[in-house]
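Chain by chain, the residues:
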Amino acid sequence: MAFAGLKKQINKANQYVTEKMGGAEGTKLDLDFVEMERKTDVTCELVEELQTKTKEFLQPNPTARAKMAAVKGISKLSGQAKSNTYPQPEGVLGDCMLLYGKKLGEDSVFAQCLVEMGEALKQMADVKYSLDDNIKQSFLEPLHHLQTKDLKEVMHHRKKLQGRRLDFDCKRRRQAKAHIPDDEIRQAEDKFAESLTLAQIGMFNLLDNDVEQVAQLSFFAEGLLEYHQQCTEILQGLVSTLMEKKEEAVNRPKMEFVPKTLADLHIEGVHDLNNGRRYGSTHSLSRPRHVPPTSSVGDLPSSDPLKAWEAPRPPPTPWDPPRAFRPHPAPRSAPNGRDPWTASPLPSPVKSPARTPLAPAKGPCCTALYDFDPENQGELGFKENDVITLISKVDENWFEGSVNGKTGYFPISYVQVTVPLPNM
């Protein structure tokens, strides 16, 4: 038996070389069989390529796929079945938003929106995991079964058919020279015919399985449709929630913020040995734009420097916060059409005793404590000790008045009211 098998292998190799190099012709099969072979080869390539591309579609990150394959291989070698879940990008982004949304705190509308969107992305990741499992079960597993069972069997019959054809052609070609008996040729012909029948039936059954293969494609399409519908519902709810949060943020009243000073924080600074006042206190944070700092020993106006320290000091003036933290009042029409709140931030004034205030005029009026140079159209400029006639109070930070025939707006912190308005 061993010698017979070896002899058959020698005959097949002899016939193959003769056909390829010697120009011998083998048994020709009909065109229908050749077409079935071509379609079977295409199906083999299709099944292999389709599995690869479907996995790339479900798991687009090649690094993560390679890592999962490596872990799976190591698990098989070690005898431990370890499952490694593919990190869906929606879930990774959702975890990031949830983490920092919770760190910001619930009092921030932006943080609440981050949490809402993070939860929605996590739900989309779960839906993607369901899609992955569904397609693996209804599409990839049937393809794998087709590749490892049906296609493998068909390819086996085709390979066996090729070998028996070569053996039959070799014996028939060498019949007269080698005195091969007719029974041996007839036996080789019978085996060739048997393999031909099995190969044709296998290829026909493989290629005529449209119903099952179309059903697998429909399962794939249905899974995608369900996935996108669920994602659409999640995103519609998310958009609705974010729009509500946006309206909440727009309608939320703006909070007035006043920065704390070192004194408010009970931080002790360096004391001025001359006047006993702390550097960094409320009075030293800012000064009027045109008023010099508090006089020092070198520029005291008193003729007696020893008694100069007894000069009365101006009372402390409340600190005027920067414009960025001022409450925005309702717009008030100005003669020039400008909003008085477009003026620059006002520093807290420090009264200078250099000039003596003039006698107040009759009617509501105030006396200028410092020089005020207008920086915007609609502001009223004046000099220290000017008597300004009060027209109205715009809000808690601005007056409207007139001086020297000019009318405009000026900050309350730059004047001292001599005769108040009736409604004050």
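Residues numbered from 1 in each chain as written. Predicted model: local features only at pLDDT ≥ 70, side-chain atom pairs only at ≥ 80, totals over all residues. Heavy atoms only, no water.

Participant: Pulling in residues and values, what's your account of helix α7 (residues 182-207)?
Facilitator: Taking 1.5 Å of rise per residue, the 26 residues of α7 would be expected to cover 38 Å, and the 37 Å separating its terminal C-alpha atoms lies within 8% of that figure. Every buried residue of α7 is listed here: I185, A188, F192, S195, L196, A199, G202, M203 and L206. (Helix = DSSP H or I, 4+ residues; strand = E, 2+ residues; numbered from the N terminus. Expected span 1.5 Å × (residues − 1). Buried < 20%, exposed > 50% of the residue type's maximum accessible area, 1.4 Å probe, protein only.)

Participant: How would you explain the nonpolar core if you had to name every residue and give the values?
Facilitator: I135, F139 and L151 are the most contacted members of the largest nonpolar core, which has 22 residues in total. Of all elements in the fold, only α2 (31-58), α5 (109-173) and α8 (210-251) reach the threshold of two or more residues within this core. Contacts of F139, omitting those with residues within four sequence positions, involve L50, T54, Q216, L217 and F220. Listed in part, the 15 residues of the second largest apolar core include A368, L380, V403 and V415. (Core = buried A, V, L, I, M, F, W, Y, C linked by side-chain atoms within 4.5 Å. Contact = heavy atoms within 4.5 Å.)

Participant: Please set out the pairing of strand β2 (residues 387-393) residue by residue, giving values where relevant.
Facilitator: When strand β1 (residues 365-368) meets β2, the two strands line up antiparallel, connected through three bridges. Directly across from T367, in β2, lies its bridge partner V387. Strand direction decides the pairing type here: β2 and strand β3 (residues 398-403), joined by four bridges, are antiparallel. Counterpart to S392 in the pairing with β3 is E400. Linking β2 to β3, which pair antiparallel, is a turn of four residues. (Pairing = 2+ DSSP bridges.)

Participant: Quick rundown of the environment of T40? Include the residues and the values.
Facilitator: Along the polypeptide, T40 turns up in helix α2. Residues T40 and F204, spaced 164 residues apart in sequence, show a C-alpha to C-alpha distance of 9.1 Å. Apart from residues lying up to four places away in sequence, T40 is in contact with L151, V154, M155, R158, M203, L206 and L207. From its side chain, T40 meets the backbone oxygen of M36 in a polar contact 2.7 Å long. (Polar contact = N/O pair within 3.5 Å; in protein donor to acceptor, adjacent residues only side chain to side chain.)

Participant: Give a detailed account of the pairing of β1, specifying residues and quantitative values.
Facilitator: When β1 meets strand β5 (residues 415-419), the two strands line up antiparallel, connected through four bridges. In the sheet register, T367 faces β5, and the bridge partner there is Q416.

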